[in-house]
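# Understanding the architecture of this molecule
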Amino acid sequence: MPDSVPSPVTFPPAFLWGAATSAYQIEGAVQEDGRTPSIWDTFSHTPGRTAGGETGDTAVDHYHRYREDVALMAELGLTAYRFSVSWSRVQPTGRGPAVQRGLDFYRRLVDELLAHGIQPAVTLYHWDLPQELEDAGGWPERDTALRFADYARLVADALGDRVEQWITLNEPWCSAFLGYGSGVHAPGRTDPVAALRAAHHLNLAHGLGASALRAAMPARNRIAVSLNSSVVRPLSQDPADLAAARRIDDLANGVFHGPMLHGSYPESLLDATRSVTDWSYVLDGDLRTVNAPLDALGLNYYTPALVSAAPGEVRGPRADGHGASEHSPWPGADDVLFHQTPGDRTEMGWTIDPTGLYDLLMRYTREAPGLPLYVTENGAAYDDKPDPDGRVHDPERIAYLHGHLSAVHRAIADGADVRGYFLWSLMDNFEWAYGYGKRFGAVYVDYGSLERTPKSSARWYGEAARTGLLPAVGSV
Ligand code: PNW
């Protein structure tokens, strides 16, 4: 056979072509139907915390426009949609009975998706802890994990009969280490011990939540977690750089997948953080709880990390792409240097590196043999602007998606059991500390009129979804 004939990039027929969002980033309606503030309401309303003081008060008003948004997904040809439930909308104080009006919103949304043949995937926690639970200590306190299990049960009772795909937590690394370590995310605390305690209690919440879901739902439903597992590369093969990469890998990945997949924290993590914490908050039986059976693993991927050992301590703003803070999100690793990976970057400053996604999928194929994988987030921010004719052309995003979906395809060909891909994000939205300045959407949102306009990448992606083939990059 001539080797010049490329094999077509065809995906399995059952492959899910999805898009993802999260509650605080899109819903708005923050004071409606009994919702109370979450830590992101408090944080975004605190001067100096978000770019331009922007908040999710209105966001893209999805709470009122969800029908239009679902129609758009259907028109594009998406087969799945990943969204999150706002905890303080369904259980305002984080305790006690559910608020029916809050649950009803998600029921209407799910019914609308199902009516259009779109599979819902529900994330229970995408960073918006009810403020009252933070006031009681937040994720560094054990009780928050117990409260999460109760909340999981409430949502399972309401939606378990019609939603088959469940995700307990989104990116617990961000909640723990950006929320309590570097402080660039809510609640904005900067205490390395609190960050590690938060990591353990998020793990515990995952395990308790997964068991609560399992007990409350039909057996056909699938339970997963979404990790922003980092691809950590050493700057050189020097033993000191390899050791630095190992430590960051433990703090980025092993701290979550260790207990979740294997029932233990990596010894190397415990050793390397001994000067920060004694881990005495890990109680007997916790690790077995965290190790609750999973049906799939969700991986969110944007860019790899490149690290080296630094001689002595490094202070000041860090080049790790995690926002500007004097405080490190890497407890006990102040002597590790982060470098910019060479190559083109997106508007976030994140280097475009599809090989990282391939490596990540192959790594978890080894780390979790037999566990189906989903890419639960992948995408790029660009400074999109409508042309005079109102169309929005985003060829860079098409190239980004083409590169990363090709990497997914290559991983599948090499034995990774990848069942679906969720583009981040369906539409432009509130990009956390960056406010509305970073546009990740396949659909453009005019922040004045809130009008939605599919970008050319949305058309490109929709064609991939409808055909199971990646269209050529210049085809739309
Ligand atoms: C993820 N980091 O956030 C989130 O799950 C989304 O809500 C978010 O909009 C998207 O990716 C784009 O940023 C991250 O600093 C935020 O490593 C920060 C980091 C990673 C992911």
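Just so it is clear, the structure is predicted and the values come from calculations on it, not from any experiment.

What counts and how
Residues numbered from 1 in each chain as written. Predicted model: local features only at pLDDT ≥ 70, side-chain atom pairs only at ≥ 80, totals over all residues. Heavy atoms only, no water. Pairing = 2+ DSSP bridges. Helix = DSSP H or I, 4+ residues; strand = E, 2+ residues; numbered from the N terminus. Axes fitted to C-alpha atoms, helices over the stretch in contact; angles between N-to-C directions. UniProt positions renumbered as here; feature names shortened; annotations may be inferred. Contact = heavy atoms within 4.5 Å. Polar contact = N/O pair within 3.5 Å; in protein donor to acceptor, adjacent residues only side chain to side chain. Buried < 20%, exposed > 50% of the residue type's maximum accessible area, 1.4 Å probe, protein only. Salt bridge = Lys/Arg side-chain N within 4 Å of Asp/Glu carboxyl O. Right-handed = clockwise from strand over helix to strand, strands pointing away.

We now examine the sheet that holds strand β8 (residues 305-309). A sheet is described by the order of its strands in space; here three strands give the open sequence β6-β8-β9, paired in mixed fashion. Edge positions in the sheet fall to β6 (232-234) and β9 (336-339), since each of these pairs with one other strand and no more. Strand-to-strand, the axes of this sheet are offset by a mean angle of 40°, without reference to chain direction. Summarising the sheet, β6 and β8 pair through three bridges and their orientation is parallel. Residue pairing in the sheet places Pro 234 in a bridge with Val 307 of β8.

Next up on the list: the UniProt feature "binding site: substrate" (unreviewed entry) in the chain. Look at the UniProt record and you will see "binding site: substrate" (unreviewed entry) annotated at Gln 25, His 126, Asn 170, Tyr 302, Trp 424, Glu 431 and Trp 432. Residue position: Tyr 302 is located in the loop between β7 (297-300) and β8. Setting aside chain neighbours within four positions, we find Tyr 302 in contact with Glu 171, Trp 350, Thr 351, Glu 377, Asn 378, Gly 379, Tyr 400, Trp 424 and Phe 440. Only 2.6 Å separates the side chain of Tyr 302 from the side chain of Glu 377, close enough to count as a polar contact. Locating Glu 431 in the fold gives a position in the loop between β11 (418-424) and β12 (443-445). A residue is classified by how much of its surface remains accessible, and Glu 431, at 8% relative accessible area, is buried. Not counting the four nearest positions on each side in its chain, Glu 431 is found in contact with Gln 25, Met 348, Trp 424, Lys 438 and Phe 440.

Turning to the pattern of salt bridges, a few remarks are in order. A pair can form between side chains of opposite charge whenever their charged atoms are brought close. Tallied over the entire structure, the rule returns 34 salt bridges. For the salt bridge of Asp 150 with Arg 147, the shortest nitrogen-to-oxygen distance reads 2.9 Å. Taken together, the residues span about one helical turn, with Asp 150 and Arg 147 both in helix α7 (residues 142-159) at a distance of three residues. Judged by its relative accessible area of 38%, Asp 150 is partly exposed. Several salt bridges converge on common partners, so that one network encompasses Asp 384, Asp 394, Arg 397, Asp 428, Arg 439 and Lys 455.

This paragraph deals with the pairing of strand β10 (residues 373-378). Every regular strand shows the same layout, with side chains that alternate between the two sheet faces. Counting buried residues along β10, six of its six residues qualify, which places the element largely inside the surrounding structure. Pairing of β7 with β10, which is carried by four bridges, proceeds in the parallel orientation. For Gly 298, the partnering residue across the bridge sits in β10 and is Tyr 374. In terms of strand pairing, β10 meets β11 through four bridges, oriented parallel. Residue pairing for β11: Leu 373 is matched across the bridge by Val 418. Chirality of the crossover, the property in question, places the unit of β10, helix α14 (residues 395-413) and β11 among those that are right-handed.

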